[in-house]
Amino acid sequence: DNNIRLATGSINAIRHANGYDWFIVFGEHGSYNWYSVLYDRDGLHEPIKTPISQWKKPYLEVGKSAISPNGLKYIYHSDRDQFIILDFDRCNGIFSFFKQDSIPDEEVKVSEGHNIEFSPNGRFLYLNNYFKIYQFDMEDSDFHNSRTLIAEFDTSQVNDFPPKGYFSNPIRGLDNKLYYWSGNS
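Cut-offs applied
- Residues numbered from 1 in each chain as written.
- Predicted model: local features only at pLDDT ≥ 70, side-chain atom pairs only at ≥ 80, totals over all residues.
- Heavy atoms only, no water.
- pLDDT = per-residue confidence, 0-100.
- Helix = DSSP H or I, 4+ residues; strand = E, 2+ residues; numbered from the N terminus.
- Buried < 20%, exposed > 50% of the residue type's maximum accessible area, 1.4 Å probe, protein only.
- Pairing = 2+ DSSP bridges.
- Phe/Tyr/Trp six-rings, centres within 6.5 Å; stacked < 30°, edge-to-face > 60°.
- Lys NZ or Arg CZ within 6 Å of the ring centre and 35° of its normal.

1. Brief notes about the confidence of the model for the chain
Phase 1: Of the residues in the chain, 81% have a pLDDT of 70 or more, and the chain-wide mean is 84.
Phase 2: The least confident element of the chain, judged by mean pLDDT, is helix α1 (residues 105-108) at 49; the most confident is strand β4 (residues 43-44) at 97.

This is the structure in structure tokens:
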């Protein structure tokens, strides 16, 4: 079926293990299905479907995604304070379940301006909302409890209009460092 409805924010690109070709990856809205589409010198190929039944969220809706620097991990963070981390095979384009977690809404309220990114070495996962940045250790066997608050926004610096100074999207720079920018600053 070529009429796949994308889960908002799930689309991303992962370089094939050969270093030349690419996989376009995404989740399907309203399902547990994840897809990759190989793009090479011959163009786009048929989608490769991987159902992930371990995802306890009823279905994919709206969220954001990120890829680890080595392309072996994919994360999708839903707008409902849940996220799933998948392993990705860069040779055959197939996903497999790695882990999932959720953030208590009263602690983080990540549904308000949530963003995600991997550390440059892929060991840590950063999740933030407007006011807090959390770090998770991907190698910790107790992933959920590895959560560490690493930054909290000083709200005394907030101007009403235009709003500025909040934590926003982390960006991995060409120097392999993570940068956070704040809207309207």
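2. Some words on the environment of F136
Phase 1: With respect to the element layout, F136 can be found in strand β12 (residues 132-137).
Phase 2: Of the residues examined, F136 reaches a relative accessible area of 0% and is grouped as buried.

3. Some remarks on the pairing of β12
Phase 1: For β12, the tally of buried residues reaches five of six residues, placing the bulk of the element in the interior.
Phase 2: Sheet analysis places strand β11 (residues 124-128) next to β12, joined by five bridges and oriented antiparallel. Bridging across to β12, L127 finds its partner in Y134.
Phase 3: Counting the residues in the hairpin turn of β11 and β12 gives three residues.
Phase 4: In this sheet, strand β13 (residues 148-152) lies alongside β12 in antiparallel orientation, the contact comprising four bridges. Of the residues in β13, the one forming a bridge with Q135 is T148.

4. A short note on the packing of aromatic side chains
Between two aromatic rings, the relevant description is the distance of the centres plus the angle of the planes.
Phase 1: In total, this model carries ten aromatic pairs according to the counting rule given.
Phase 2: When the centroid spacing of 5.7 Å and the interplanar angle of 70° are considered together, the rings of W34 and Y76 count as edge-to-face. Residue W34 is found in strand β3 (residues 33-40), and its partner Y76 is found in strand β7 (residues 73-78); the two are separated by 42 residues along the sequence.
Phase 3: A relative accessible area of 0% means that W34 is categorised as buried.
Phase 4: Between F136 and F143 the ring centres are 5.1 Å apart and the planes differ by 25°, which places this aromatic pair in the stacked class.
Phase 5: Among the aromatic residues, those joined into a ring-pair cluster are F23, W34, Y74, Y76, F88 and F95.
Phase 6: One residue, K73, lies across the ring of F98, its end atom 3.9 Å from the ring centre.

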